Structure formats: C-alpha cells, structure tokens
There are 2 protein chains.
Amino acid sequence: MSAALRIAVAGLGTVGSGTLQLLQEHADLIAARCGRMIQVAAVSARDRQKKRSVDVSAIRWFDDPVAMAGEADIDVVIELIGGSDGIAKQVIERAIAAGHSVITANKALLATHGVALARSAEAAGVTLGYEAAVAGGVPVIKSLREGLAANSVSRIYGILNGTCNYILSTMRDSGREFADVLAEAQELGYAEADPAFDVDGVDTAHKLAILTALAFGCEVNLAGVHVEGIRDVSALDIAYANELGYRIKLLGIASRSNGGVEQRVYPCMVPASRPIANVEGVFNAVVAEGDFVGTIVSEGQGAGARPTASAVVADLIDIARGTSLPTFAVPATDLAPLPSLPIEDHVGCHYVRLMVVDRPGVIADIAGALRDAEISVEALLQRGRAPGEAVAVVITTHETRGLAMDSALRRIESLDSVLEPPRRIRIEPL
Amino acid sequence: MSAALRIAVAGLGTVGSGTLQLLQEHADLIAARCGRMIQVAAVSARDRQKKRSVDVSAIRWFDDPVAMAGEADIDVVIELIGGSDGIAKQVIERAIAAGHSVITANKALLATHGVALARSAEAAGVTLGYEAAVAGGVPVIKSLREGLAANSVSRIYGILNGTCNYILSTMRDSGREFADVLAEAQELGYAEADPAFDVDGVDTAHKLAILTALAFGCEVNLAGVHVEGIRDVSALDIAYANELGYRIKLLGIASRSNGGVEQRVYPCMVPASRPIANVEGVFNAVVAEGDFVGTIVSEGQGAGARPTASAVVADLIDIARGTSLPTFAVPATDLAPLPSLPIEDHVGCHYVRLMVVDRPGVIADIAGALRDAEISVEALLQRGRAPGEAVAVVITTHETRGLAMDSALRRIESLDSVLEPPRRIRIEPL
C-alpha cells in the first residue's frame, strides 16, 4: 500500500464535520478503493472549543487556516469555509502556492475566481476538485467532465437550489403564499435566516456559471447570468400553472447558440410530464444534452452534511487514486471567453398574469398592445366576472423575443384598467 | 501535446461505426480534452466490403481481430464484437497479454468472465473499460466507481433493458398484449428477430451482475441472479396495476443484507409516484442508494449507436488522460465471494391474479390457502359477477417470504375452481 494521503480541513461546520465523520466511518472502505489510507493531518476552524459531532482533539489544530494551508507535510487542503473572497480564497491560494491539491465546496468563490484559481492550480500541477460545489452529492461535475467528455453539449439546465425547490413544492402542495412557506422553511432549517442568497437566485447563478464553463469549455462568467428569484411567485400563479399543465420551478439554464452563451436563472413553467417537473422538495436535478449521448438526467440530494461530504470525499479518492484532470475539462488557459447573449434577445414563450378592472374594452386594449409588439397570443383567459372589480387575466404567448415582451408589458402596465405590475413567467418546453 | 493514442477497433456494427463516426466528428474537441490526438490505427470486422456509414478504407484492415489485438503498435483495443465467449474473449485476452488497455461494450462477456479478465488486466497494469456495457450512454459505471466511491451502497436497481421497457410502456399506453407489441417492436427495429435475450431478462441479468460486483465489491455472480422475463405480463395485469397505483417495470435489483447479496430480475409493480415508474420507452435508469449520499437517480438512453459510442469514447478519453482504476473499484484480487441469497428467502409483497369459476366458496378456499401459509392479505378483489363462468380475482399481500408464497400458490393452483396457473407479480415499494 502506498503512503497515506495527508489532508488538512479548513472549516468544521456542517460539511466539514460530515467529511471527518465519513472519513472515520469508512476508513477501511476508502483505503480498499484507493490503495492507501487517508490521514487527517490538520484541521482549522473559528472556535476550537465548539461542541462538534466528531472528536478533533487528537488532530493538529490551527487557528489560522491560511497558515495551515501552507504547511509542508500536507497533500490536500479541503476548503469548507465559504464566501466568495477573503479567508477561503487565501486558503486556496496558499495551498496551491505550496503545491497542495485543493478540494472545495465553495460555489461563490469558483463562480467569481474559478478561472484564475484553475490557472494557478494547473500551473502548479495540482488538482482543484469541486464536485461538492454543484448539486451536493450528485456527481454532476464528474459526469460532465468525464462521463460526457465525448460530446458537444448544447444545453444544460437544472434545479440547483434545494431551498427554492422545497418552497415551490410546498407552495404547490399547500396553496400557501411565498412569505408564509419561507417562514416555515426557516423554522425547519431548510432556509437561512437571511434567505436572499437562495430565494433571489444568486446561489443557483453561482452553480450555473460553473456548469456553463465546464459544459462549454468557456470562461466562468457570473456577470453574464440573468438572475430572477422566486419572491414574486404567487399561489395564484402556481394554481394557474397547474391548470395549464405546468409546474413552476426555479431553473438555471445555459445554452449555446450563434457563437454565444445564454445563462438564465428564473422561475419558469415546465410541462408537468417532464422528469424535472417531478423533482420535489430539497432534491436537485441536472439535465445535460449532448450531441451523441442525448439527454442525461441526474437527480439526488443537493445539500446537507452527508451528501455534500460524499462529494468532497469522492474528489479526495480521485486524488488518492492518482486521477488528475483540468478543472474545467480543458486546460484553463484554453477556456474561450464566449460572448454572453442578453436576455432581451432570448426567444421564448411567456405566461403573463394581469389584475384588471372588469369592464368593457380592457381585453381589446391588452390585445392591441400585444399586437403592436408583434406578439402572437396562444391563449387568453379571464375567469369569472366581477363588473367594476379586479379580476385576473392570464395570457400565454407563442415564441417571442424578450425585448418585444418588455415593451408590450410596459404599455400594458400603463393602462388605467391594469391595477398591478404584470406578472411574467417564462414557459420552458424543455 | 503528447503522442497520439493509437487504437484498434474490433467489430464495425452499429456501435463500432458509431464510435468511428464520433472520433471523426469530434477529433479536435477530444484532443483539447485529452491533450493528445486519438488515432484509429487498425480495424477488423467480418466483411471488409460491407457498406458502412464511415469510410474505413484508409485504416489498416485485419481479417483476424485476435491478430490485430496482439499488434505491438497499439495502445487500446476496443472490442465491439459481442458474445460471452469465442472471438470477443480471445480478442480481449490477446490485447491484455500484449499490454494493451481494453474497452468493451460486452455485458455478456463481463457477466461471465469479468473477474478473470479484470485480474488479468490489473496484473498486466492495463485498464479494462466497460462504461458502454451498462445503460448505454448513461455514465453509471463511472458514477458508482468514482462519484459514489465514498459510500457503502446498500441497494442498486434499475431499468436496464430498453426493449423491455419499450414493450411494457407501449402495452400500458395501448392496452395491447405482449405478443402483439413485441411483433411491432421487431418491425420497428426496437427488438431483435430472436428477442429471448431481452424479453427473458437475460440481458438485464448480465448488466445487474456487473453493477452488483461494482457496487458491493464482490465477485461477479451471474448464476446467483434470479431471472424472470416479461412474456407472461398480460394487458389485464397492467390494467390492474394502474388501478392499484402501480406501474409494471422489468427491474434488476441488487441488495446487500445479512452477509449476502440478493440479485433479482423480474417484472414488478412500483408505485406510480416513484421517479423510476415514469421512465418510459427505450430509456434506462439506475438508482443507487449510498449511506452518505442518499438516493441517486441517473437516466438516459440505454442503447443505440450514438449513446453507446459516447460511453465507449468516454472510457477512451479516461485512458488518454491517464486515468486508470481497478475494474470493479477495488483490486480484482480483493473482490469477496459474497454468498448469494436465494429468491425463496426474499421477503416482499405480492400481487396475485387468479382466474376462477365464479361460484360460492371459491374465495374461502383461496383465503384458507393463504392463511395456512401465514400470508397476510392486504386486499382481495373480485370485479363483476358471472355465475358459473371465469372471473379474475386479484390479491395483494403484506410482506411474506418467497417460500411461503410458493407453497400457497401451489395449493391454490390445485383447486378445482382455479382455471389457470396463478399469475404472481412482486410489488416493490422502492
């Protein structure tokens, strides 16, 4: 058996503790699979005294994770601190400079500095593993980088945030509103006290930017992601979606066309018959479309201590086995800066819900605005009658450019009989 | 860039031609991902003159694939001839003996001689890749061997044969009988002229035996697989399944318990709400349950020239990139001969359909036979009335040992009022 692989773990929160627990529980299994032991040589966290699910008293302790990352007698540094800058970045940079491989679950950091870190790692001849950064335990990074390596991928999309999927699933099941379900999710620990990262789509955007680079061999471009969150999704829209045969899901979608890349994160309506429409609760799913393989769907738990630890240690086992691949499947120096296509140019179908005063001529005004923007209506429905009062009008359109829809919606919003800003949700046939 | 990887392809049928086409179409993409070119140095097939979708006239031709496999100036031999013995086996043995890595899509061969071949390959220090042997383009081998390497897997199951899944899906959609749908599938090219390998469950058993070895680190044990095919599934049973909230799927299921392994292939009823119940047509899906990662579902096209070529070339790219792992995740010399648990000891729920003469006392006789075997009935239903004529009686049971069910069914079959052999289908809650 080869010499043990010596690792240092920076950050002992949920995922860090889960990783140590996994390494302890499966020490023999992992040694059998790698042909060598994995030895936790050092750990670092903010508070040494904190009560943890694993005993770290026998492991060399560092108050300073950056100093730990630079130690000579380490092979791999595992960064589980988090944050797109600051300490986490310093830890990784120091580790690479010291010639250590790095494993991280930090999507914010990779979405922001991924290409620079990949270049440093590859120049130093070390590995940068990040399976845990996207879709938790689901091995989507490996699947894209290796399993689908023979394909040109044209599109990749997925449910990448379990908190949002839990909220949307629960809203549908219970008929309750967003704020109410969010408050409950926070109590249950499914949502953070500050939920903005999740519910505003930022976390999904981070993960999508990483998948885009990997799938298309282009530079990570977080600024090129169009992001909308789920705060404005109402119980009424979810009910209408059901009636129309759709489910509302927060998707990250990246597609390649005309020499550019589209990256979009928004709640959208997907046909109820699609596999991804039936991924419920905290589960994640990623769908990749390759020119030879066709459509591949991968589904599993996207967060949590144990699934995320599974992904961290999978990267570790790869390194222990001697596998070393470019971070984004091609050398980071070869990643192309593919142009980012603006959302205004995206052609797609839309669902629009308006709250209008129920009086003659309203529908004609709305239809006129759509006609003038050359938008073709698929269906227009007004349910119930309440003369002089507010009623909902729902419109679904055929394919139209985003820009045309924007201009039509501006004009519709300015109509006297329209009482609230129109609510627009994209329809993704997938 | 490193020297080109020189490959030899034995067998130029659908998958062989698809592989050459992929290598041609994506030569640059693959070179970018591997850091080296892949060069098709030699090919062999039965008929040199046959018209093919790719031009092989400029490639060195061998009439004898075994001689080709032994050539010195080759790095990797790709075996796409098929068959559990004979030429395919000789090709692989010769290649390994000559120090070449091997890639194969041959599940029959691996299910029969997988451990011996893995030991030879590992002793020779070469790789034996077989991603294409299970679930076509879906990277399940990689996912289990690497993506889930940090887990102890307790169960793995899947829809592993697209022909059977197509037939069962079509029977359900159309209400037609097996023979009728099979004949149509043969006309459409979805089923072979001799369909036995597919519809009798043999192909699924081959794939399950391979997955079992990989997931549990045990020797491949094809003889330990209990196999039933789908010929006896009737339109009536499919209709009852729907009514009871199930779908009938041909599953391969391997689970570990009490120091042994259960491997079962049979058509079974799965709750309609499960992801695998909604995998339709020629698609395959594999579900793995790991102790840290939870449940991971992978779905995609399980056959066809292009998806299978995608898997073959994924293995090739791994080899070109320098990745080399034990065939079944641990060294083949360490694979344990885990005892195979007999189907008679399997505890599960059952659906039983009887055709009986509609007369007083029949139900009491049947219920008595079940009671005497200590089988607890969940539901018993007789639809319609036709005094003195044949009617269907459907029974679903709570969990019971296979042996008890066997004995109860023998007694029920011997009753005068029971007109046909009972039809038993297992219920898998999953």
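Rules used throughout
- Residues numbered from 1 in each chain as written.
- Chains lettered and ligands numbered in written order.
- Predicted model: local features only at pLDDT ≥ 70, side-chain atom pairs only at ≥ 80, totals over all residues.
- Heavy atoms only, no water.
- Helix = DSSP H or I, 4+ residues; strand = E, 2+ residues; numbered from the N terminus.
- Rg over C-alpha atoms; globule rule 2.2 N^0.38 Å.
- Buried < 20%, exposed > 50% of the residue type's maximum accessible area, 1.4 Å probe, protein only.
- Contact = heavy atoms within 4.5 Å.
- Areas by Shrake-Rupley, 256 points an atom, 1.4 Å probe, with all protein chains shown as cover.
- Pairing = 2+ DSSP bridges.
- Axes fitted to C-alpha atoms, helices over the stretch in contact; angles between N-to-C directions.
- Polar contact = N/O pair within 3.5 Å; in protein donor to acceptor, adjacent residues only side chain to side chain.
- Salt bridge = Lys/Arg side-chain N within 4 Å of Asp/Glu carboxyl O.
- Least-squares fit on C-alpha atoms with pLDDT ≥ 70 in both.
- Domains from an automatic or database assignment.
- Parallel < 35°, antiparallel > 145°, perpendicular 65-115°, else oblique.
- Left-handed = near helix turned anticlockwise from the far one by under 90°.
- Nonpolar A, V, L, I, M, F, W, Y, C, P; charged D, E, K, R; others polar.
- Phe/Tyr/Trp six-rings, centres within 6.5 Å; stacked < 30°, edge-to-face > 60°.
- Lys NZ or Arg CZ within 6 Å of the ring centre and 35° of its normal.

Scanning chain A from terminus to terminus reveals 14 helices and 17 strands. Taking 2.2 N^0.38 as the reference for a compact globule, 430 residues should give roughly 22 Å; the C-alpha atoms of chain A span a radius of gyration of 24 Å, in line with that estimate. Overall, the C-alpha framework of chain A stretches about 80 × 45 × 35 Å when taken along its three principal axes. Taken over 430 residues, chain A has a buried fraction of 60%. The contacts in chain A between residues at least 6 apart in sequence include a share of 74% that link residues at least 24 apart. Summed over its atoms, the accessible surface of chain A is roughly 15900 Å², and 49% of this surface lies on carbon and sulfur atoms.

Before going further, it helps to spend a moment on the sheet that holds strand E4 (residues 76–79) of chain A. All names here are of chain A. Here six strands make up an open sheet; going across it, the order is E3-E2-E1-E4-E5-E6 and the pairing parallel. The open sheet terminates on both sides in strands that have one partner only, identified here as strand E3 (60–62) and strand E6 (128–129). Contacting strand E1 (5–10) and strand E2 (38–44), helix H1 (residues 14–25) crosses the sheet at an angle of about 155° to E2.

Residue and element names in this part refer to chain B. Assignment of secondary structure puts His113 in helix H5 (residues 107–124). Taking C-alpha positions, His113 is 30 Å from Cys34, a pair spaced 79 residues apart along the chain. A polar side-chain atom of His113 sits 2.8 Å from a polar atom in the side chain of Asp85.

All names here are of chain A. Along strand E15 (residues 390–397), seven of the eight residues are buried, which leaves the element largely enclosed by surrounding structure. The pairing of strand E13 (residues 347–357) with E15 spans seven bridges and is antiparallel. Counterpart to Val352 in the pairing with E15 is Ile395. Direction of pairing for strand E14 (residues 377–382) relative to E15: antiparallel, over a ladder of five bridges. For Leu380, the partnering residue across the bridge sits in E15 and is Ile395.

With that settled, the discussion passes to the pattern of salt bridges. Per the counting criterion, the structure on display carries 48 salt bridges over all chains. Among the salt bridges present, the one from Lys142 of chain A reaches Asp318 of chain A, with a minimum N-O distance of 2.8 Å. Linking Lys142 of chain A in helix H6 (residues 140–147) with Asp318 of chain A in helix H12 (residues 305–321), this pair joins segments that are 176 residues apart in sequence. Accessibility classification places Lys142 of chain A together with Asp318 of chain A in one group, the buried group. Of the charged contacts, one joins Arg264 of chain A and Glu428 of chain A as a salt bridge, the two residues approaching to 3.1 Å between their closest N and O atoms. Taken as a pair, Arg264 of chain A in strand E10 (residues 260–271) and Glu428 of chain A in the segment after strand E17 (423–427) lie far apart in primary sequence, 164 residues in all. Through salt bridges that share partners, Lys142, Arg145, Glu146 and Asp318 of chain A together with Lys142, Arg145, Glu146 and Asp318 of chain B make up one connected network.

Turning next to the relation of the copies chain A and chain B. Superposition record for chain A on chain B: RMSD 0.0 Å, screw rotation 180°, translation along axis 0.0 Å. Between the two chains, the operation in question is that of a two-fold axis. The C-alpha atom lying nearest the rotation axis in chain A is that of Ser298 of chain A; the distance is 2.3 Å. When the interface residues of chain A are mapped onto chain B, 100% of them are again interface residues, pointing to one common binding face.

Right, let's get into the domain arrangement of chain A. Structurally, chain A comprises domain 1 (5–133), domain 2 (140–301) and domain 3 (344–427). Its C-alpha centre places domain 1 of chain A at a distance of 52 Å from the equivalent point of domain 3 of chain A.

Residues and elements named next belong to chain B. Taken in spatial order, the six strands make up an open sheet running E3-E2-E1-E4-E5-E6, and their pairing is parallel. Of all strands in the sheet, those with a lone pairing partner are strand E3 (60–62) and strand E6 (128–129), marking the two edges. With six bridges connecting them, strand E1 (residues 5–10) and strand E2 (residues 38–44) associate as parallel partners. Directly across from Val9, in E2, lies its bridge partner Val43. In this fold helix H12 (residues 305–321) packs onto E1, E2, strand E4 (76–79), strand E5 (101–104) and E6, with an angle of close to 165° to the strand it touches most, E5.

The packing of two helices is summarised by the inter-axis angle and the distance between the axes. Following both chains from N to C, one finds H6 of chain A and helix H6 (residues 140–147) of chain B inclined at 125°, their axes separated by 10 Å at the closest point. Of the possible angle classes, the one that applies to H6 of chain A and H6 of chain B is oblique. Here H6 of chain A runs over H6 of chain B; the crossing is right-handed. When H6 of chain A is examined against H6 of chain B, the residues Lys142, Glu146 and Gly147 of chain A are found in contact with a partner set consisting of Lys142, Glu146 and Gly147 of chain B. Class assignment for the residues of the contact of H6 of chain A with H6 of chain B results in no nonpolar, two polar and four charged.

Bringing the packing of aromatic side chains into the picture now. One pair of aromatic rings is described through two measures. These are the centre distance and the angle between the planes. Under the definition given, this model contains four aromatic pairs over all chains. Arranged with centres 5.7 Å apart and planes meeting at 50°, the rings of Tyr130 of chain A and Phe328 of chain A form a pair that is tilted. Residue Tyr130 of chain A is found in the loop between E6 and H6, and its partner Phe328 of chain A is found in the loop between H12 and E13; the two are separated by 198 residues along the sequence. As far as the burial class goes, Tyr130 of chain A and Phe328 of chain A line up, both buried. Considering the side-chain rings of Tyr166 of chain B and Tyr190 of chain B, the 4.6 Å spacing of their centres and the 70° angle between planes classify their relative orientation as edge-to-face. Placement of the pair is Tyr166 of chain B in helix H7 (residues 162–174) and Tyr190 of chain B in the loop between helix H8 (178–188) and helix H9 (196–199), with a sequence separation of 24 residues. The exposure class assigned to Tyr190 of chain B is partly exposed, which follows from its relative accessible area of 40%. Its end group placed over the ring of Phe292 of chain B, Arg306 of chain A keeps NZ or CZ at 3.8 Å from the ring centre.

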